Protein chains: 2
Amino acid sequence: MPEELTLDIESLESAISKQNVPQFTLSSEELHYADLASVFEDLDDQGRSFFTQHINLDRFPNILAELPGSLIEETLERFDKTAQKEILGKLLDDDRADILQDVKAESRPQYLALLQPEEMEATRSLMRYDEDTAGGRMTTQVARLTPQMSVREALDLLKESYDSAESLARIYVVDKDERVVGKLRLRDLAFSTRSATVEQVMQEVDITILATADQEEAAQIFSKYDMTLLPVVNEYGALLGVITHDDILEILEEESTEDIEKMSGIAGEQSEETYLNTTLTTHFRRRFPWLLILALLAIASGYVMLRYENVLNSIFLLALYLPMVVAAGGNTGGQAAAMVIRAMSLGELEEGTTRKVLIKESLLGVMLGLVMGACIAVITILILPLFQPELPLAVSLGQFTIAVSVALAAQITTSTLTGALLPIGARAIKLDPAVVAAPAITTLVDISGMVIYFTAAQAILNIA
Amino acid sequence: MPEELTLDIESLESAISKQNVPQFTLSSEELHYADLASVFEDLDDQGRSFFTQHINLDRFPNILAELPGSLIEETLERFDKTAQKEILGKLLDDDRADILQDVKAESRPQYLALLQPEEMEATRSLMRYDEDTAGGRMTTQVARLTPQMSVREALDLLKESYDSAESLARIYVVDKDERVVGKLRLRDLAFSTRSATVEQVMQEVDITILATADQEEAAQIFSKYDMTLLPVVNEYGALLGVITHDDILEILEEESTEDIEKMSGIAGEQSEETYLNTTLTTHFRRRFPWLLILALLAIASGYVMLRYENVLNSIFLLALYLPMVVAAGGNTGGQAAAMVIRAMSLGELEEGTTRKVLIKESLLGVMLGLVMGACIAVITILILPLFQPELPLAVSLGQFTIAVSVALAAQITTSTLTGALLPIGARAIKLDPAVVAAPAITTLVDISGMVIYFTAAQAILNIA
């Protein structure tokens, strides 16, 4: 963070703790709303009261829009009806819809009632879409022109909406059924003959997205085609709004966080609050379920080990390599899963590429398995004798080495394939690929590792 | 992907495989350059030759800019000098610098020599910055005005640069030392009195970034402050260029991919190519090192197990829960590490918050440990007797349950803290927190799990 900003944040925080109104006013006017929001989030109840009492109401809508969902309602309640009306009225329409979605269903009508009829209509229509769809992310504040207008008429119309700063960066041309027929930049009008028609200076719109499409699809299209704005349409092609690049940044951050969390066995919705502001209970609730499920599943590995008591007792030296063989499967499976899941998230693996992925991972599995098996064989033959290992008379060091290396190679080959297959399989049955990832895969390959290892050892014993 | 686009991509691919020039021309004119680039990437040598022979040269610069670094040089070499000159001349300056950075050092001068003196100068100065810094990401194509200009003069000046589409969305006001003093949107000029000065209609610029700053910092500032453009300055505050939102999207995707890959034990630079186009050797090279290191480290766990042969043989039933206790540490440590690493990447954990993180994770570790220990105790007492477990006479089921539960609780508590501590410690000594994550943590807590488990069991045996 740039130096000057940190200093300002500190002076704001000290103003709040000292209840110093003039200093608070000064600092809060200077700071960016994003910084004000993060300071507000970290305050205690008393601090928040002071903040909402003395903050300039013109600045508060932007701050409110930056707060985590769980803080919205209690924060709104700190203001009286008049202030609430002013704040809600000044919010951008997409932020307003998001905020009202964060409020308890029973108090929603009371807030909606504070809005102008037109705003209420726009907000209601935005709230119809799920928060994680293109429609739930769009803003309806778009300048609309018609193809037959002259450039002069268009400029006059736009001048009136100069204030609504949001809409001049996104000028669309729609026909009488509200279908998108073109787009314009302000420069196309400003530098054109005033008598030309909008149709003559507009550009084609190639790419739009359905309001019901998933937000991840919107982000992929946006990022692939280097877009500035993505127009959102209904099933008849009518323009409903646009998704802007700051929404796309948020979507990308959310989706990456989701992938990372799910791959690490963390359950449930990601917290809108920062790591430190998220309560202990929430952290606990998100980590406990998979921890318990995976623990219960791991008993299966233990059961396999229990069944092979005789083999382990015949060659107890097997214990030296047991954790290695088992863990190697988890590691290689986790690598394969991470590569495949990330490629899916970036839209690189469309349906129909499954065969190619499986061929690639099978070859990789075999390569990794053979090289790792060979490495361990060399190490075992060269180094193990120095420690004078205890082997039963009937089993030679060579035989032992072969059993361990073959088991390691087999474990790595199969686990690599399992790691790649599980996310693909999950997607095929419409599950989230990231959910079945790392820890679930580890558990599965732990069991197979035990079986493979002891089977190989048993084979050597049978020969001996 | 929208339906129509898929169809067009197919017709392009069939045109290339049938060497059908008219159909290729038609399809390639219709498609977006991002799609053309991904088709090109998937072609064999013959297909690429056909593509570069028949593609409209006006369209190729944008396609080239989308290609992975490893393809740049061989693709440029498919063109003759005249075509190379045309392509390089039409590239945006930041893309051109990136492309020349992807070319072998010895062939760089020959390409630079094809540029106009002015372009050469700009390209050289951009290439001075590392690819992953703010300077390495910026474009220098910015419109610059001076504060004393009138609005009319400013508009006339901008009209001349109408063609360089990039620069009109970013108009900055600089003083005689090139220091940023303000910014403007085209609308501020278009809708103002022509005789006003630029100074009167411009807005303040609060946030800039140093050219040498890390690209991740640029992305964090951009995303936190909902920016459209981030001005890049040198140490004297002189404007060098701007970072645009499409660069920020790329940075965010890169950084998230990097985190995910490193957390999964995948080494080295991420591939610029898609998962499927990355060669087997590259995949192998990135997965093998950690696989081998972790395997060697896992032998330490095996050594612990080997040392406790007597304990395991006295109560072989311990094998049933051994994998569970060990794995629970890996799972909870992985969860804690993922939360902390992600919070760091999102800029939520500045220096000085370490104590808060440790308190939080210690409490969470204790909570998770106690609840999990209790769950396993209940399950063991209720269910295990049904299987008529074999315990030595001197050890009661109650004692066995206590040993297992206490070990599980201790393992989860310590592993949670280890998982949170390692990334924080890594950052403190300037290592990448994600590198020391999941698999490294798993290995460490595997060893501690073995020690904790067998120590608890030994204690029960000593009592008995």
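Residues numbered from 1 in each chain as written. Chains lettered and ligands numbered in written order. Predicted model: local features only at pLDDT ≥ 70, side-chain atom pairs only at ≥ 80, totals over all residues. Heavy atoms only, no water.

## A look at the pattern of salt bridges
Test applied: Salt bridges are defined as contacts in which a side-chain nitrogen from Lys or Arg sits within 4 Å of a carboxyl oxygen from Asp or Glu.
One pass over the structure, following the stated rule, counts 36 salt bridges over all chains. In this structure, a network of salt bridges that share partners links the residues A:Asp45, A:Arg48, A:Glu74 and A:Arg78.

## Here we look at the domain arrangement of chain A
All names here are of chain A. Keep this limit in mind: Segmentation into domains, and thus their bounds, comes from an automatic or database assignment. Two residues form a contact once any of their heavy atoms are found within 4.5 Å. Accessible-area loss on putting two parts together, using a 1.4 Å probe and summing over both, is the definition of buried area adopted here.
If you check the domain split of chain A, you get domain 1 (3-132), domain 2 (143-263) and domain 3 (280-463). In this assembly, 5 residues from domain 1 lie in contact with 6 residues from domain 2. Note on domain 1 versus domain 2: buried area summed over both sides is about 410 Å², and carbon and sulfur give 54% of it. The largest per-residue losses of area from domain 1 upon contact with domain 2 belong to Leu92, Tyr129 and Asp132, which jointly make up 87% of the total buried on that side.

## Comments concerning the nonpolar core
Selection criterion: Here, nonpolar core refers to any group of buried Ala, Val, Leu, Ile, Met, Phe, Trp, Tyr and Cys residues whose side-chain atoms link them within 4.5 Å. Residue burial is assigned from relative accessible area. The probe radius is 1.4 Å, only protein chains are included, and a residue is buried under 20% of its type maximum, exposed over 50%, and partly exposed in between.
Membership of the largest hydrophobic core comes to 115 residues, with the highest contact counts inside it found for A:Phe51, A:Leu64, A:Leu230, B:Phe51, B:Leu64 and B:Leu230. Setting aside its immediate chain neighbours within four residues, B:Phe51 contacts B:Ile16, B:Phe24, B:Leu36, B:Phe40, B:Leu43, B:Phe60 and B:Ile63.

## Remarks on helix 10 (residues 117-127) of chain B
Using the following cut-off: A run of H or I in DSSP counts as a helix once it spans at least four residues, and a run of E counts as a strand once it spans at least two, with each numbered from the N terminus.
Along helix 10 of chain B, the residues classified as buried are B:Thr123, B:Ser125, B:Leu126 and B:Met127. Close packing links the buried residues of helix 10 of chain B with helix 8 (93-101), helix 9 (108-112) and helix 11 (134-137) of chain B.

## Remarks on the side chain of B:Arg96
Residues and elements named next belong to chain B. Heads up, the condition is: Counting rule for charge: Lys and Arg are taken as positive, Asp and Glu as negative, and neither His nor the chain ends is counted. The definition of a polar contact used here is a pair of N or O atoms within 3.5 Å, where within protein one atom must be able to donate a hydrogen and the other to accept one, and adjacent residues in sequence count solely through side-chain atom pairs.
Relative to the helices and strands, Arg96 is located in helix 8. One buried charged residue, Arg96, forms no salt bridge at all, with the nearest opposite charge on Glu119 at 4.1 Å. One polar contact links the side chain of Arg96 to the main-chain carbonyl oxygen of Leu88, over a distance of 2.9 Å. Setting aside chain neighbours within four positions, we find Arg96 in contact with Leu88, Gly89, Leu91, Leu115, Glu119 and Thr123.

## Regarding the sheet that holds strand 6 (residues 239-244) of chain A
Residue and element names in this part refer to chain A. Our working definition: Strands were regarded as paired on the criterion that DSSP finds at least two bridges between them.
Strand order across the open sheet formed by 3 strands is 4-5-6, with mixed pairing between neighbours. Edge positions in the sheet fall to strand 4 (209-210) and strand 6, since each has one partner strand and no second. Relative to strand 6, strand 5 (residues 229-233) is paired through 5 bridges, and the arrangement is antiparallel. Following the sheet pairing, Leu230 is matched in strand 6 by Ile243.

## Things to note about the packing of helix 20 (residues 354-383) of chain A against helix 21 (residues 397-428) of chain A
Residues and elements named next belong to chain A. Condition: The convention used is that axes are lines fitted to C-alpha atoms, helices contributing only their stretch in contact, and that angles between N-to-C directions extend from 0 to 180 degrees. Oblique is the label for any angle not covered by the other classes, which are roughly parallel (under 35 degrees), roughly antiparallel (over 145) and roughly perpendicular (65 to 115). A clockwise turn of the near helix away from the far one marks a right-handed crossing, whereas an anticlockwise turn of less than a right angle marks a left-handed crossing. Only Asp, Glu, Lys and Arg are considered charged, only Ala, Val, Leu, Ile, Met, Phe, Trp, Tyr, Cys and Pro nonpolar, and every remaining residue, Gly among them, polar.
One can describe the packing of helix 20 onto helix 21 by two numbers: an axis separation of 8 Å at closest approach and a directional angle of 155°. Regarding the angle of helix 20 to helix 21, the classification is roughly antiparallel. Crossing handedness for the pair helix 20 and helix 21: right-handed. Of the residues in the contact of helix 20 with helix 21, the class split is 17 nonpolar, 10 polar and 1 charged.

## Comments concerning the interface of chain B and chain A
Listed as interface residues are 113 residues of chain B and, on the opposing side, 114 residues of chain A. Approximately 10500 Å² of surface area, both sides summed, lies buried where chain B meets chain A, with 72% of it carried by carbon and sulfur atoms. Where chain B meets chain A, there are 4 salt bridges. Linking B:Lys224 and A:Asp35 is a salt bridge whose minimum nitrogen-to-oxygen distance equals 2.8 Å. Inspection of the chain B/chain A interface yields 29 residue pairs in polar contact (both at pLDDT 80 or more). Sorting elements by how many residues they give to the side of chain B that touches chain A places helix 17 (residues 280-307) of chain B first, with 19 residues.

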